[in-house]
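The lines below spell out each chain.
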Amino acid sequence: MSYVKAMLAVLLLLSGSVVAEIAIIVHPANNASVDQSELNRLFLGRGNSFSDGSRATPLNLAEGVPAREHFDTQVLNRSSAQLKAYWSRLVFTGKGTPPAEHPNAAAMKAAVAADPSAIGYISASDVDDSIRVVATF
Amino acid sequence: MKKTLIATATGLLLMQPLAHANIDISGYASVIGGRVLSGSGVEGFDLPPTFLANYPLVGVYEKDWTFKPDTRFGLQFRANLMDGLSATAQVVARGADDFDARFEWAYLSYDLNENWTLQAGKKRLPLYYYSDFFDVGYAYLWIRPPADNYTWQIFNYTGINAQFNYFVGDWDISGNIYTGREDDQENKLLSQFFGSNPIREIWKDIIGGVINLNKDWLDIRLTYMTYINERYRTVGGVVERVTWGDSLTRRGKFAGISVNMDFGDWLLLSELNRLDLDGGKFDTYMVSAGYRINAFTPYLSYADFDSENEKHSTTSLGLRWDFHSNAAFKIQYDDVKDKGVPGWEVAGDSKSISFGVDLVF
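Residues numbered from 1 in each chain as written. Chains lettered and ligands numbered in written order. Predicted model: local features only at pLDDT ≥ 70, side-chain atom pairs only at ≥ 80, totals over all residues.

### Here's the deal with the overall build of chain B
The secondary structure content of chain B amounts to 2 helices and 19 strands. The C-alpha atoms of chain B give 22 Å as radius of gyration, which agrees with the globular expectation for 361 residues (21 Å, within 12%). Dimensions along the principal axes, computed over C-alpha positions, put chain B at roughly 70 × 60 × 45 Å. Taken across its 361 residues, chain B has 37% of its residues classed as buried. Across chain B, every contact between residues at least 6 apart in sequence was considered, and the portion connecting residues at least 24 apart equals 56%. (Helix = DSSP H or I, 4+ residues; strand = E, 2+ residues; numbered from the N terminus. Rg over C-alpha atoms; globule rule 2.2 N^0.38 Å. Buried ≥ 20, exposed ≤ 12 C-beta atoms within 10 Å, placed from the backbone. Contact = placed C-beta atoms within 7 Å.)

Written as structure tokens, this is what we have:
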């Protein structure tokens, strides 16, 4: 019974996060444009530069933050479990390290505003002029 | 007093880090239990009903429940020394080795540029698709990569590895070339399972390469490796060199292709490999399919080993359940058919059940 309740709670959370939009953000001085396939490349460790050739440093929100779940499922098209399996393969074979994580939107904005190579994402409602939005999903 | 001071001072000096390094610690664990439900064993070898779940480590299930053959813990330490230089070590403790912890990976890594990374040290020999991450159960579907394919006695090497990553069109092209050797003073598979005398197994002049082609849901991997085999046997305390015909060494050539598709809820995995050992052909293949239903992935798998004398296959049916954000529960049924010619059987027919949890942290 409590299991069913937990499942319902999870479903509510999931449906909630699907409604809210997320914004892909970069440093205000960064004029790069990105599409979904480039985001996949950067956030799956398959590339480390923007389309203009300049270096890109992808940043993740911590697990459990709704925007992270949204980014994983809507932009990377993978479940959190699939992504964790993917990264554990790379980490333990010396082929890559996952993006650094930030605990919340404020920390993410501060990190992106401080690093011209950074690319991250936040809930669209957290956007302000300290960062530049390059796409929304 | 003075001695204590000196000792303390030395201690302090030792504790001063020599360079500023961020050390990441990560790890994985698999706790798996299982038993043989029924099996023929091999009468000629006096072998009771047995399921050889891991060849190189001699992970063996018998009729009593055991947690040893597949259970393992791994800890990885990675020191990031900045400017593209890092040092990584991985310690693995395996139930099959009575949890005797050993450094299985220890290497330096240096990013030459955006596309190339040079590594030197001790690493896993990347023969098969799953060789590299064989120990990280969380990263793949089954309880273990199919035993019939992963049969070779040497699985690590010490040497140099250059890996690359390019993006061409919509394709992600990555891979590596490597060279090195492995000198296993007492090889477990040859000394304990396929024989009773200590065997020193040497694979030298190893040269190999891997190419991975990735595009969306498609993943193709090509692998090739060649080496020279040298072997010594200790009989009654006397070391004697093993010869093959008139030859003191033999050359092995390994080639393989793997095609994997992760399409929507479907997962289709395949692998085809051949080892040519001085003309003798050892062929292995595996096909596997899984279907994701939320956190559950039921799967079916068939793996086969075929050579002149040794022939066996395994049909597996199982379920992966991602019940936690860092852990998966798995249960698997394995049906092994040993069709080896008399005297060349491995462990006979067997039907086994195993289950357990894989996690990463």
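### Examining the UniProt feature "domain: Porin" (unreviewed entry) in chain B
According to UniProt, the "domain: Porin" (unreviewed entry) feature falls on residues 63-357 of chain B. From the first C-alpha to the last, residues 63-357 of chain B spans 21 Å; its make-up is 2% helix and 63% strand. (UniProt positions renumbered as here; feature names shortened; annotations may be inferred.)

### Some points on the interface of chain B and chain A
Contacts between chain B and chain A engage 21 residues on the former and 17 residues on the latter. Contributions of two or more residues to the side of chain B that touches chain A are made by β1 (22-39), β5 (85-94), β6 (102-111) and β8 (156-168) of chain B. Looking at which element gives the most residues to the side of chain B that touches chain A, the answer is β8(B), with 3 residues. Its residues assigned to classes, the side of chain B that touches chain A comprises 8 nonpolar, 9 polar and 4 charged. (Nonpolar A, V, L, I, M, F, W, Y, C, P; charged D, E, K, R; others polar.)

### Remarks on the confidence of the model for chain B
All names here are of chain B. Averaged over every residue, the pLDDT of chain B is 93; the share at 70 or more is 94%. Scored below 50 in pLDDT, residues 4-13 shows 0 contacts in the model against residues more than four places distant or in partner chains. Overall fold confidence for the complex sits at a pTM of 0.88, while the interface term, ipTM, reaches 0.88. (pLDDT = per-residue confidence, 0-100.)

### Side note on helix α5 (residues 105-114) of chain A
Residues and elements named next belong to chain A. Of the positions making up α5, those classed as buried are Ala105, Met108 and Val112. Each buried residue of α5 sits inside an arc of 60° when the element is viewed along its axis, so together they form one side. Turned more than 90 degrees off the buried face of α5, the exposed positions are Ala106 and Ala114. Along its buried surface, α5 packs onto β1 (22-26), β2 (57-61), β3 (100-102) and β4 (118-123). (Arc of directions from axis to C-beta.)

### With respect to the nonpolar core
Where a protein is soluble and globular, its nonpolar side chains tend to be buried together. Counting residues in hydrophobic clusters, the biggest one holds 51 residues, and the most contacted among them are B:Phe51, B:Leu52, B:Val136 and B:Tyr138. Breaking this core down by element, the ones donating at least two residues are α4 (80-91) of chain A together with β1, β2 (51-54), α2 (188-193), β10 (199-215), β11 (218-235), β14 (266-277) and β18 (327-338) of chain B. The leading source of residues in this core is β1(B), at 4 residues. Not counting chain neighbours up to four residues away, the residues in contact with B:Leu52 comprise B:Val60, B:Ala147, B:Val346 and B:Ala347. Judged by nonpolar contacts, the second largest core, of 23 residues, contains A:Val26, A:Leu39, A:Phe50 and A:Val134. (Core = buried A, V, L, I, M, F, W, Y, C linked by C-beta atoms within 7 Å.)

### What to know about the sheet that holds β1(A)
Residues and elements named next belong to chain A. The strand order across the open sheet formed by 5 strands is β3-β2-β4-β1-β5, and the pairing between neighbours is mixed. A single partner strand is all that each edge strand has here, and the edge strands are β3 and β5 (132-136). Taking the axes of each pair of neighbouring strands and ignoring which way they run, one obtains an average angle of 35° across the sheet. In this structure, β1 lies alongside β5, joined through 4 bridges in antiparallel fashion. Within β5, the position partnered with Ile24 by the bridge is Ala135. (Pairing = 2+ DSSP bridges. Axes fitted to C-alpha atoms, helices over the stretch in contact; angles between N-to-C directions.)

### Concerning the pairing of strand β9 (residues 171-184) of chain B
Residues and elements named next belong to chain B. As judged from the 11 bridges shared by β8 and β9, these two strands associate in the antiparallel manner. The residue bridging Tyr166 from the neighbouring strand is Ile173, located in β9. Hairpin geometry of β8 and β9 is characterised by an intervening segment of 2 residues between the two adjacent antiparallel strands and by a positive phi of about 60° at Gly169. Summarising the sheet, β9 and β10 pair through 12 bridges and their orientation is antiparallel. Along β10, the bridge assignment pairs Asp172 with Asn214.

### Structural notes on the pairing of strand β17 (residues 311-324) of chain B
Residue and element names in this part refer to chain B. Looking at chain direction, strand β16 (residues 296-306) and β17 are connected through 11 bridges and run antiparallel. What sits directly across from Asp304, in β17, is Ser313. Here β16 folds back onto β17 in antiparallel fashion, the turn holding 4 residues. As paired strands, β17 and β18 are joined by 11 bridges and run antiparallel to one another. In the strand pairing of β18, Ser316 is matched with Asp334. Between β17 and β18, which pair antiparallel in sequence order, lie 2 residues.

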